[in-house]
Amino acid sequence: MADDSDLRDRIAVVTGGGSGLGAAMGHELARVGMAVGVLDIDEANATAVAKALADQFGVPTFGGQVDVGDTASVTAAAAAVERALGGCDVLCANVGVQQFGAIDRLTEDDWKWVVNVNILGTVRTVAAFLPMLRAREGLRRILLTASSGALIPGVRLGAYQTSKYAVVGYGETLRQELADEGIGVMIVFPAGMMTRHLESSKLARPAEIGEWVLAPDDIDAMMASRSTGDEHVATPEHAVRNLIADLVDDQPYLITHGAYRDQYHEQLAVLEAAFDRMERS
Ligand SMILES: NC(=O)c1ccc[n+]([C@@H]2O[C@H](COP(=O)([O-])OP(=O)(O)OC[C@H]3O[C@@H](n4cnc5c(N)ncnc54)[C@H](O)[C@@H]3O)[C@@H](O)[C@H]2O)c1
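Note that the structure is predicted; figures quoted are calculated from it, not measured. (Residues numbered from 1 in each chain as written. Predicted model: local features only at pLDDT ≥ 70, side-chain atom pairs only at ≥ 80, totals over all residues. Heavy atoms only, no water.)

A.B. asks: Where do I start with the site of the ligand in this structure?
C.D. replies: Neighbouring the ligand are 28 residues, the closest being S19, D40, Y160, T195 and S200. At a separation of 2.9 Å, a nitrogen atom of the ligand approaches a polar side-chain atom of D67. Between the ligand and R196, the relevant distance is 3.4 Å, taken from an oxygen atom to a main-chain nitrogen or oxygen of the residue. Considered on its own, the ligand offers 820 Å² of accessible surface; in the complex 95% of this is hidden by protein. Per-element accounting of the shell around the ligand gives the leading share, three residues, to helix α6 (residues 197-204). Its residues placed into classes, the shell around the ligand shows 13 nonpolar, eleven polar and four charged. (Near = heavy atom within 4 Å. Polar contact = N/O pair within 3.5 Å; in protein donor to acceptor, adjacent residues only side chain to side chain. Areas by Shrake-Rupley, 256 points an atom, 1.4 Å probe, with all protein chains shown as cover. Helix = DSSP H or I, 4+ residues; strand = E, 2+ residues; numbered from the N terminus. Nonpolar A, V, L, I, M, F, W, Y, C, P; charged D, E, K, R; others polar.)

Here it is as structure tokens:
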């Protein structure tokens, strides 16, 4: 049976690794002895996290810049990781930006930005690193960060939630297509976390598409429509507590925290009822 030691001396890459959940993932991967490539649009944060991991765990690390919204940038970052660390066994495609907004307030530019970074950014990241995983043997995984929003929808999350549903759809197909090659795919569903997510989204939004806007009641309205609950907002460190075990076990899903299981089941019951009506007709 596989255990943590199967990850030792292998190579991990985390996008969006400069803070929050990505930095916490990097910490877990370095803790079990992996070399870690930390990529982020914020180069200073990426290099600082990479240095901290090398200092704390004595593993090889690399910190560099990537904009997953840009194909040339992702290609260049993948080449830089390959030069610095020699390849990739575990890829964490973790970048996601948030743009709150009621459906009738989200602009076409809002949609294009969120779709380009969250969906196409994930697709580009996997496309750039998959050849490296394929060139290696043994334990290999791709981890995609979705969101609890892709399991229980909420208001004001239209663009973000749509993008995270797409990440799930992409991940499901990817898992099926890579199964014969022994490359596992795990989809992560975090609920609310105390991170820089709103700040980093605001910073990463291209200036030419206008200012990042958050209406005063967006977050309260979103929270009221979902059952994850204020009291269940977690630290990223808590969210990754089962990451290594589930990665090694090749689990398809990682639910990190949050009290939304009942709401999820209520939704499934509505879907089941639609099957019942179809079968009775
Ligand atoms: N914070 C939450 O409540 C929450 C909940 C569910 C899912 N998530 C998801 O978790 C993931 C990590 O977010 P987080 O909460 O740790 O936020 P975070 O802001 O701490 O980390 C996100 C990182 O992504 C980077 N980034 C943004 N745009 C980028 C781009 N175009 N290219 C490369 N890097 C880019 C940011 O600089 C930042 O360092 C995201 O996919 C997010 O959607 C977050």
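A.B. asks: What am I meant to see in the layout of surface pockets here?
C.D. replies: Where empty space is left in the structure can be found by rolling a water-sized probe over the atoms. Estimated volume of the second largest pocket: approximately 300 Å³. When contributions to the lining of the second largest pocket are tallied by element, the ones reaching two or more residues are α5 (158-178), β7 (253-255) and α10 (261-280). Residue contributions to the lining of the second largest pocket peak at three residues, all from α10. Per-class residue counts for the lining of the second largest pocket are eight nonpolar, two polar and two charged. (1 Å grid on protein atoms, 1.4 Å probe; cavity = no way out; pocket = protein on both sides within 12 Å on 5 of 7 lines; lining within 4 Å. Points joined across faces, edges and corners; volume = space filled by probe spheres on them.)

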